[in-house]
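Chains, contacts and geometry: an overview
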Amino acid sequence: MSALYGTYARSALAFERGEGVRLFAQDGRPYLDFHSGIAVNSLGYGDKHVIGALQAAAEKVWHTSNVFTIPEQEKLGQRLVDATFADSVFFTNSGAEAVECAIKTARHYQFAKGQPEKVEIIAFTGSFHGRTLGTIAAGGNPSYLEGFGPALPGFKHLAPGDLAAVEALITPQTCGILIEPVQGEGGVTAMSTEFLRGLRALCDQHDMVLIFDEVQCGYGRTGKFFAYEWTGIVPDVMAVAKGIGGGFPLGACLAKGEVAKSMVPGTHGSTYGGNPLACAVGNAVLDRILSPGFIDHVEKMGQRLAWHLQQLQQRFPTLVVEQRGKGLIAGIKITPPVRDFVARLRDNHQLLAVAAGDNVLRLLPPLVVTEADIEEAVGKIADAFAAYEKDAAASATA
Ligand SMILES: *Cc1c(COP(=O)(O)O)cnc(C)c1O
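Read on for a plain summary of the structure.

Reading the values: the criteria
- Residues numbered from 1 in each chain as written.
- Predicted model: local features only at pLDDT ≥ 70, side-chain atom pairs only at ≥ 80, totals over all residues.
- Heavy atoms only, no water.
- Salt bridge = Lys/Arg side-chain N within 4 Å of Asp/Glu carboxyl O.
- Helix = DSSP H or I, 4+ residues; strand = E, 2+ residues; numbered from the N terminus.
- Buried < 20%, exposed > 50% of the residue type's maximum accessible area, 1.4 Å probe, protein only.
- Core = buried A, V, L, I, M, F, W, Y, C linked by side-chain atoms within 4.5 Å.
- Domains from an automatic or database assignment.
- Contact = heavy atoms within 4.5 Å.
- Pairing = 2+ DSSP bridges.
- Near = heavy atom within 4 Å.
- Areas by Shrake-Rupley, 256 points an atom, 1.4 Å probe, with all protein chains shown as cover.
- Nonpolar A, V, L, I, M, F, W, Y, C, P; charged D, E, K, R; others polar.
- Axes fitted to C-alpha atoms, helices over the stretch in contact; angles between N-to-C directions.
- Parallel < 35°, antiparallel > 145°, perpendicular 65-115°, else oblique.
- Left-handed = near helix turned anticlockwise from the far one by under 90°.

1. Some details on the pattern of salt bridges
Tallying each qualifying case throughout the model produces 17 salt bridges. Put simply, Glu-120 and Lys-156 hold a salt bridge, and the shortest N to O gap is 3.2 Å. With Glu-120 in strand β5 (residues 120-124) and Lys-156 in strand β6 (residues 155-158), this residue pair connects regions lying 36 residues apart in the sequence. Arg-200 is paired through a salt bridge with Asp-236; the nearest N and O atoms lie 3.0 Å apart. Of this pair, Arg-200 sits in helix α8 (residues 193-205) while Asp-236 sits in the loop between β10 (209-213) and β11 (237-240); the two residues are 36 residues apart in sequence, bridging distant segments of the chain. Just as Arg-200 is buried, Asp-236 falls in that class too.

If you want it as structure tokens, here you go:
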């Protein structure tokens, strides 16, 4: 019996070591990892540069406080500002905290502008923003809200894609719009460029703050450093986490101009956020992500993965309903129940993948994946489909 909260239906599988895109279980069995700790282990396992940075940081002061200057944090913050739309950064320990900071930033900007009534955030069904009380309200998923008392007020939800419907929800109390450019958890749904541009225009027209949650789709995963770069527009605030620490808990909220400036002393804080250890790792991860050719490689591998998944769909047209995603946040909507299918892939084919909403099989390989790895993974999925068909036929005749 485990001493832990029963919040996860955990597999008994435990990993001992990793190498590149492979994890090795305690019994020595290798697993091909298209899970990456849910889009976190962007550099795979055993990256020498990042390990070296962590080891060097371990010999120094691990933690001070945000009441002192933290040189590693200053450096990482400046580099993120230089590489994005943003002018300022607040570091957190997780994605949910980054989204919380984003929501607070948007509301406080309106407050500082003398518009304290503008508090409502428009968000979308199928989204996921974290598991704190604030972010479950922002996500709006009824199954995550149930049993936890009144949902934090100030959020309205609608299905993504319909600009006129979004516009119809705007009132003088609307503060901003919160959206994942590519929904991860909800079913690997990439928003259209047209829709995201339309949201930007609505925010400009109505003095609202556009917030992108790039916790899962950012940091190189779509084949750009951030997914907003595909659209030609920029958000005002962006939540970042997962890939930013390569496995070390780290997140960030990035903001622009007057919106960022509204967060004055006393408005927000974090004991650990951006501590020396986390930021030393963050800087080393960023060295790798921004090294010449790295993100081009992601884009190329994303195209190859999409091509191989298309072939798979042609081969199994009754099992693969639709292809989803962008770059190396990819998915296929399938007909077999996805949670069982993920377990089959893991237990019978040593492939780690992630279930997403809408019965989508989500593939999130480390960004250093090669085409040979992709062929191997898609081959394993094909084997699992063939085995599934055989089992289905056997149970039909039984
Ligand atoms: C994972 C995720 C979060 C929450 O991140 P945590 O680190 O689990 O708090 C928020 N938004 C998106 C899009 C995510 O994928």
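2. Considerations on the nonpolar core
Generally speaking, soluble globular proteins have nonpolar side chains that are buried together. Within the largest apolar cluster, 76 residues are counted, with the highest numbers of intra-cluster contacts made by Tyr-219, Leu-361 and Phe-385. Structurally, this core is a two-domain feature, drawing no fewer than three residues from each of domain 1 (15-33 + 293-397) and domain 2 (49-289). In this view, Leu-361 contacts Ala-330, Gly-331, Ile-332, Ile-334, Val-338, Phe-341, Val-342, Leu-345, Ala-353, Val-354 and Ile-381; residues no more than four positions away in its chain are not counted. Counting residues in each nonpolar core, the second largest holds 24 residues, with Val-99, Ile-121, Ala-137 and Cys-253 among its members.

3. Structural notes on the sheet that holds strand β15 (residues 351-352)
Pairing in this open sheet of four strands is mixed, and the strands run β1-β2-β3-β15 from one edge to the other. Of all strands in the sheet, those with a lone pairing partner are β1 (15-19) and β15, marking the two edges. Pairing between β1 and strand β2 (residues 22-25): four bridges, direction antiparallel. Considered in β2, the bridge of Glu-19 is made with Arg-22.

4. Some points on unusual backbone geometry
With phi around 30°, Lys-242 is a residue other than glycine that occupies positive phi space. Mapped onto the fold, Lys-242 is located in the loop between β11 and β12 (251-255). Although it is not a glycine, Asn-359 sits at a positive phi angle of roughly 55°. On the secondary structure map, Asn-359 appears in the loop between β16 (354-356) and β17 (360-363).

5. Things to note about the site of the ligand
Every residue near the ligand is listed here: Ser-94, Gly-95, Ala-96, Phe-128, His-129, Gly-130, Glu-180, Asp-213, Val-215, Gln-216 and Lys-242. Against a free-state accessible area of 380 Å², the protein chains account for coverage of 81% of the ligand. For the shell around the ligand, the per-class residue count stands at three nonpolar, five polar and three charged.

6. Details of the packing of helix α2 (residues 48-58) against helix α10 (residues 276-289)
The geometry of α2 relative to α10 is characterised by a closest axis approach of 9 Å and an angle of 160° between their N-to-C directions. In terms of orientation, α2 lies roughly antiparallel with respect to α10. As α2 packs across α10, the resulting crossing turns out to be right-handed. Of the residues in α10, those touching α2 at His-49, Val-50, Ala-53, Leu-54, Ala-57 and Ala-58 are Leu-277, Ala-280, Val-281, Ala-284, Val-285, Asp-287 and Arg-288. In the contact of α2 with α10, the residues fall into 10 nonpolar, one polar and two charged.

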